[in-house]
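Chain by chain, the residues run as shown.
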Amino acid sequence: MEVWNHQFECMDRNGIKHVQSARLMETVERVYFNVPYYRNRMQEAGLGPESIRSIEDLSKLPFTTKQDLRENYPFGLFAVPMSEIVRVHASSGTTGKPTVVGYTRADIATWSEVMARTLTCAGADRNDFIQIAYGYGLFTGGLGLHYGGEKIGASVIPISGGNTTRQIQLMHDFGSTVLACTPSYALYLAEAITESGINRDELKLRIGVFGAEPWTENMRREIEDKLRIKAIDIYGLSEVIGPGVASECQEQEGLHVNEDHFYPEVIDPKTLEVLPPGSTGELVFTTLTKEGLPMIRYRTRDLTRLNFERCKCGRTMVRMDKCLGRSDDMLIIRGVNLFPSQVESVLLEMGGIKPHYLLIVDRVNNLDTLELKVEVDEVFFPDRISQLEELRQRLQVNLENSLGLGIKVTLVESKAIERSEGKAKRVIDNRKF
Ligand SMILES: [Zn+2]
């Protein structure tokens with residue numbers, strides 16, 4: 001199996017620690033002298049650059065949150081003059097101002113490097129045709145994959161998101177071998193390919209590089225079966241760099257974090273204490289090489305676990321589990337914590353049901369109610385209405401058993417739930433808080 005950067009990706013643990021310590025000290029110095037926000041926060045905590053001598057000292061530093069980025073909108077946390085910034089991206093929040101991130105020329109090179117590692121990790125090389133169906137523009141997905149694809153010497157198709165008919169046509173005519181998009185769009189494309197009448201054997205697709213939203217193992221199996229590809233999970237967020245923070249290798253047993261550039265910690269989101277290796281908690285990143293927008297202990301809200309065991313692929317970079325969900329996506333229904341991905345898992349284990357669903361949360365007489373609308377597979381042709389009702393009840397029981405929560409299940413016909421060409425919308429919360 002190919003490794004893009006053997007020196008770093010396969011470095012022994014002591015070597016990695018040494019690199020991380022040296023780079024952390026540089027980063028702390030950079031933010032202390034160039035970003036008033038960080039200098040003030042460090043001074044409040046009684047810290048100076050000399051307080052940080054190694055990576056072990058990281059936990060002394062305060063956390064950074066999305067709120068801090070908003071309060072310093074648009075460029076307040078940049079650590080270089082604007083003349084050094086060659087690119088900005090922004091992600092729109094659900095409320096208020098977008099989160100703005102900036103890159104120097106060196107940051108773009110770092111980003112290309114980690115994306116080259118990601119694509120190589122996924123099994124792609126210079127002989128591949130990469131169809132990038134992530135959105136191009138302010139979102140980091142499209143351009144992130146684009147630079148990585150060019151760096152490994154692959155042929156890049158910058159088709160961007162949407163326009164499914166054209167996606168399928170070019171996939172067929174150009175012979176795309178790698179598809180990069182959100183997992184929900186991959187599933188949508190799989191259905192559309194079946195409907196288009198194109199035989200799967202006419203396509204050359206072999207790898208999918210999917211991220212930007214949490215997805216379950218069952219969803220992976222569904223995509224792999226339908227598209228007959230290896231589906232690789234990638235992870236990133238614009239505040240850290242964009243895609244390229246971590247990526248699965250072909251073992252598909254956790255995502256290797258590019259920890260020579262992005263140092264991961266897992267904390268208890270309530271006490272904010274760093275948890276011992278192997279514990280599940282909130283993922284926190286400190287950038288170790290970024291110039292434009294360095295991040296100190298940025299709270300991602302994503303929940304995961306770190307695994308320091310050596311991977312069969314030969315890479316030594318720590319692995320993070322596929323994200324279970326985002327603490328922001330977690331619903332609290334009658335006191336029970338629920339991630340939409342848990343519902344999805346139950347759906348995919350049942351026959352006769354498609355993983356297209358919508359959760360509707362409401363509050364009636366001060367009591368939370370939860371309804372699940374889910375599509376029935378058209379291959380499931382019940383002879384009698386009673387068979388549909390039997391399916392509905394079985395689903396309701398399965399959900400209650402595995403989630404510990406009563407959910408009203410409504411079956412709807414195929415295609416009744418709106419398809420998304422970007423991130424799938426899974427929840428409508430009508431409760432007024
Ligand atoms: Zn591996």
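See above for the structure.
Now for a description of the structure that goes with this document. Please read all numbers here as calculations on a predicted model, not as lab measurements.

Cut-offs applied
Residues numbered from 1 in each chain as written. Predicted model: local features only at pLDDT ≥ 70, side-chain atom pairs only at ≥ 80, totals over all residues. Heavy atoms only, no water. Helix = DSSP H or I, 4+ residues; strand = E, 2+ residues; numbered from the N terminus. Contact = heavy atoms within 4.5 Å. Polar contact = N/O pair within 3.5 Å; in protein donor to acceptor, adjacent residues only side chain to side chain. Pairing = 2+ DSSP bridges. Axes fitted to C-alpha atoms, helices over the stretch in contact; angles between N-to-C directions. Donors = N, O, S within 2.8 Å, 3.2 Å for Na, K, Ca; no water. Tetrahedral: all angles 85-135°; square planar, octahedral: opposite > 155°, others 65-115°. Buried < 20%, exposed > 50% of the residue type's maximum accessible area, 1.4 Å probe, protein only. Salt bridge = Lys/Arg side-chain N within 4 Å of Asp/Glu carboxyl O.

## Some points on the environment of Cys249
Mapped onto the fold, Cys249 is located in the loop between strand 8 (242-248) and strand 9 (255-257). Ignoring any residue separated from it by four or fewer positions in sequence, one finds Cys249 in contact with Cys121, Ile232, Gly254, His256, Cys311, Cys313 and Arg315.

## Here's the deal with the side chain of Lys322
Take Lys322: it is sitting in the loop between strand 13 (319-320) and strand 14 (325-326). Reaching out from Lys322, the side chain makes a polar contact with the backbone oxygen of Trp215 at a distance of 2.7 Å. A distance of 3.5 Å separates polar atoms of two side chains, one belonging to Lys322 and the other to Asp233. Lys322 has contacts with Trp215, Thr216, Glu217, Arg220, Asp233, Glu248, Leu255 and Thr304, leaving out every residue within four places of it along the chain.

## Description of the sheet that holds strand 17 (residues 353-364)
Spatially, 4 strands are ordered 19-18-17-20 in an open sheet, and the strand pairing comes out mixed. One side of each edge strand has no neighbouring strand; the edge strands of this open sheet are strand 19 (408-412) and strand 20 (427-429). Shown here is a sheet whose adjacent strand axes are inclined to one another by a mean of 20 degrees, direction ignored. As judged from the 5 bridges shared by strand 18 (residues 367-376) and strand 19, these two strands associate in the parallel manner. Within strand 19, the residue paired with Val374 across the bridge is Leu411. This element, helix 10 (residues 340-349), spans strand 17, strand 18 and strand 20 of the sheet and lies at about 135 degrees to strand 17.

## Section: the coordination of the zinc ion
Taken together, the protein ligands of the zinc ion are Cys249 (SG), His256 (NE2), Cys311 (SG) and Cys313 (SG), with distances of 2.1 to 2.3 Å. Geometry at the zinc ion is tetrahedral, judged from the 4 donor atoms that bind it and their angles of 102 to 114 degrees at the metal. Mapped onto the sequence, the residues coordinating the zinc ion show the spacing C-x6-H-x54-C-x1-C. Of this pair, His256 sits in strand 9 while Cys311 sits in the loop between strand 12 (298-307) and strand 13, placing them 55 residues apart in sequence. Taken as a pair, His256 and Cys311 share a single burial class, namely buried.

## Some points on the pattern of salt bridges
For the structure on display, the rule yields 27 salt bridges. Taking the shortest distance from any N to any O, the salt bridge between Arg297 and Glu265 comes out at 3.0 Å. You can see Arg297 sitting in the loop between strand 11 (280-287) and strand 12 and its partner Glu265 sitting in strand 10 (residues 262-267), a full 32 residues away along the chain. Side by side, Arg297 and Glu265 carry an identical accessibility label, which is buried. Among the salt bridges present, the one from Asp321 reaches Arg305, with a minimum N-O distance of 2.7 Å. In this pair, Asp321 sits in the loop between strand 13 and strand 14 while Arg305 sits in strand 12, placing the two residues 16 residues apart along the sequence. With a relative accessible area of 23%, Asp321 lands in the partly exposed category. Relative accessible area serves as the criterion here: at 32%, Arg305 is assigned to the partly exposed category.

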